[in-house]
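Listed here are the chains, written in short residue letters.
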Amino acid sequence: MERPEVAQRVLATARSASWRGLIAQPIAIIAVLTGFVVWLALAPITATERTTLAPRALWTATLQHLSLTFVSAVLVLAIAIPLGVLLTRRRFRRLGAPILAIANIGQAAPAVGLVVLLAIFITSGYWASVLALVLYAALPVLRNTMIGVRGVDERLVEAGRGMGMSSTSVLFRIELPLAVPVMLAGIRTALVLLVGTAVLAAFVNGGGLGILIVTGVNLYLYSVLVSGALLIALLALSIDWLGRIVEQVARPKGL
């Protein structure tokens, strides 16, 4: 069998396995969520626990958590992607290492300390949490944007310029489309980080599902604590699944 045919079969098998994983993940999420709902309806829990885990309270906390996640994600994308592209341009490349070092500091700092520190200067717990989340999650998007654009074959760039395309056209028609898979991987990583780290907003009255964990720890309500951890894990898995779907759909053909 010729090598191109072997490569095509391997690629087809990999894609098939990837799609099977995409189908299995939401089924597992729905199964676990259904089990949690059934347990919540039948479990012999106290009145305090039932009030904390009331459907309306859980829905409100989930919406707050999603708001923290997606507002932070929009700000991260608006800052990190243009900055990452800018740092791949010839005249700004020397600034890449120092800026990545600064972004590394933001992620290396203890997240809970960052949230509390910002809450001292920002009166709104919600916006203090959002700012901390942006600082914490900017690195994966910034780094993957730079890696993705720099990883484009220089011969393709030169071919585009040889055809009379401007630098802007080369960027938007060649470099960015080819960098999409790497960039999307960074965005998906950042989203999962944001979902997990948004738990800390509860420490500064910023809302979110973290309030279940804080309440469970403070009042020794272990069912509330475990429920909060489970819902956050399911939310992170759901966001990760949506990110994988987008990666599959947005991936340029042939990659």
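Each value, and the rule that gives it
- Residues numbered from 1 in each chain as written.
- Predicted model: local features only at pLDDT ≥ 70, side-chain atom pairs only at ≥ 80, totals over all residues.
- Heavy atoms only, no water.
- Helix = DSSP H or I, 4+ residues; strand = E, 2+ residues; numbered from the N terminus.
- Buried < 20%, exposed > 50% of the residue type's maximum accessible area, 1.4 Å probe, protein only.
- Polar contact = N/O pair within 3.5 Å; in protein donor to acceptor, adjacent residues only side chain to side chain.
- Contact = heavy atoms within 4.5 Å.
- Expected span 1.5 Å × (residues − 1).
- Axes fitted to C-alpha atoms, helices over the stretch in contact; angles between N-to-C directions.
- Parallel < 35°, antiparallel > 145°, perpendicular 65-115°, else oblique.
- Left-handed = near helix turned anticlockwise from the far one by under 90°.
- Arc of directions from axis to C-beta.
- Core = buried A, V, L, I, M, F, W, Y, C linked by side-chain atoms within 4.5 Å.

1. A look at the side chain of Thr69
- Inspection of the secondary structure assignment puts Thr69 in helix α3 (residues 55–86).
- You can call Thr69 buried: its relative accessible area is 1%.
- Engagement of the side chain of Thr69 in a polar contact is seen with the backbone oxygen of His65, the distance being 2.9 Å.
- Dropping the residues within four chain positions of it, Thr69 is found in contact with Leu191, Leu194, Val195 and Ala198.

2. Thoughts on α3
- Compared with the 46 Å implied by 1.5 Å per residue over 32 residues, the 46 Å span of α3 between its first and last C-alpha is a close match.
- Burial in α3 covers these residues: Leu58, Ala61, Thr62, His65, Leu68, Thr69, Ser72, Ala73, Val76, Ala80, Gly84 and Val85.

3. Observations regarding the packing of α3 against helix α6 (residues 125–150)
- Where α3 contacts α6, the axes come no closer than 7 Å and their chain directions differ by 40°. Considering the angle they form, α3 stands oblique to α6. Note that α3 runs across α6; the crossing there is right-handed.

4. With respect to helix α5 (residues 111–121)
- Ala111, Leu114, Val115 and Leu118 are the residues of α5 that are buried. Summarising the axial view, the buried residues of α5 lie within an arc of 100°, below the 170-degree limit, and thus occupy one face.

5. Things to note about the nonpolar core
- Of all hydrophobic cores here, the largest spans 39 residues; its most connected members are Leu53, Leu58, Leu209 and Leu212.
- When contributions to this core are tallied by element, the ones reaching two or more residues are α1 (3–42), α3, α6, α8 (167–197) and α10 (222–250).
- Ranked by residues supplied to this core, first place goes to α6 with eight residues.
- In this view, Leu212 contacts Thr52, Leu53, Leu58, Val224, Leu225, Gly228 and Leu231; residues no more than four positions away in its chain are not counted.
- In this structure, Ala111, Val115, Ala132 and Leu200 belong to the second largest nonpolar core, which totals nine residues.

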